[in-house]
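Spelled out, the chains give:
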Amino acid sequence: QVQLVESGGGLVQPGGSLRLSCAASLSIFSLYNMGWYRQAPGRQRALVARILAIGNTNYADSVKGRFTISRDNGKKTVYLQMSSLKLEDTAVYYCQADRGGPSNWGQGTQVTVSS
């Protein structure tokens, strides 16, 4: 059974930084595409950033230049470094994994940007 466990969320002031981590219990982590999604109250879950098994990355326009996704295949972990955080980045952030088929999801971690 796939388990994705997010950590690193919390309360941060506008302009601050956070790093989210997602530890995965995947037998061959390096073969998985990994992503971070977020869901704000009253809104649909939306892609934040994605990193493919081959290393290509893509980002939502709203976070380009501020967020960086990376992965450590040896640690079976994917990271989301978030900088210059804005009020509108407040959401529950979810880790996602797939091999081109159905997605696996973590339980989510809350990120709150507030002064």
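Remember, predicted model here, so these are calculated numbers, not experimental data.

A. Focus on the state of the cysteines. Under the counting rule described, the total for this entry stands at one disulfide. For Cys 22, the disulfide goes to Cys 95, at an S-S distance of 2.1 Å. A torsion of -85° about the S-S bond marks the disulfide between Cys 22 and Cys 95 as left-handed. Of this pair, Cys 22 sits in strand E3 (residues 18–24) while Cys 95 is found in strand E9 (residues 91–98), placing the two residues 73 residues apart along the sequence. Just as Cys 22 is buried, Cys 95 falls in that class too.

B. Main features of the pairing of E9. Burial analysis of E9 places seven of its eight residues in the buried class, which makes it a mostly covered element. In this structure, strand E4 (residues 33–39) lies alongside E9, joined through seven bridges in antiparallel fashion. Bridging from a neighbouring strand, Gln 39 pairs with Val 92 of E9. Pairing between E9 and strand E11 (residues 109–113): three bridges, direction antiparallel. Its bridge partner being in E11, Tyr 93 is matched across the sheet by Thr 109. Bridge count between E9 and strand E10 (residues 104–105): two bridges; the pairing is antiparallel. Each residue of the ladder has a partner; that of Gln 96, found in E10, is Trp 105. The antiparallel hairpin formed by E9 and E10 contains five residues in its connecting segment, where Gly 100 sits at a positive phi of about 95°.

C. Region of the structure containing the layout of surface pockets. In this structure, the largest pocket encloses a volume near 270 Å³. Along the walls of the largest pocket sit 15 residues, with Arg 38, Ala 40, Arg 43, Ala 46 and Glu 88 positioned nearest its centre. Elements that contribute at least two residues to the lining of the largest pocket include exactly E4 and strand E5 (46–51). Within the lining of the largest pocket, the residues separate by chemical class into five nonpolar, four polar and six charged.

D. Just the side chain of Asn 33, in detail. Summarising the element assignment, Asn 33 is placed in strand E4. For Asn 33, a relative accessible area of 14% corresponds to the buried category. Within the structure, the side chain of Asn 33 is placed 3.0 Å from the backbone nitrogen of Ala 53, a separation counted as a polar contact. In this structure Asn 33 touches Arg 50, Ile 51, Leu 52, Ala 53, Arg 71, Gln 96, Ala 97, Asp 98, Arg 99 and Gly 100, once residues within four positions along its chain are discounted.

E. Main features of the nonpolar core. Counting 28 residues, the largest nonpolar core has Met 34, Trp 36, Leu 80, Met 82 and Tyr 93 as the members making the most contacts within it. Taken together, the elements giving at least two residues each to this core come down to E3, E4, E5, strand E7 (67–72), strand E8 (77–82), E9 and E11. The contacts of Met 82, once residues within four sequence positions are left out, are Gly 16, Ser 17, Leu 18, Leu 20, Arg 66, Phe 67, Tyr 93 and Val 111.

What counts and what doesn't
Residues numbered from 1 in each chain as written. Predicted model: local features only at pLDDT ≥ 70, side-chain atom pairs only at ≥ 80, totals over all residues. Heavy atoms only, no water. Disulfide = S-S within 2.5 Å. Helix = DSSP H or I, 4+ residues; strand = E, 2+ residues; numbered from the N terminus. Buried < 20%, exposed > 50% of the residue type's maximum accessible area, 1.4 Å probe, protein only. Pairing = 2+ DSSP bridges. 1 Å grid on protein atoms, 1.4 Å probe; cavity = no way out; pocket = protein on both sides within 12 Å on 5 of 7 lines; lining within 4 Å. Points joined across faces, edges and corners; volume = space filled by probe spheres on them. Nonpolar A, V, L, I, M, F, W, Y, C, P; charged D, E, K, R; others polar. Polar contact = N/O pair within 3.5 Å; in protein donor to acceptor, adjacent residues only side chain to side chain. Contact = heavy atoms within 4.5 Å. Core = buried A, V, L, I, M, F, W, Y, C linked by side-chain atoms within 4.5 Å.

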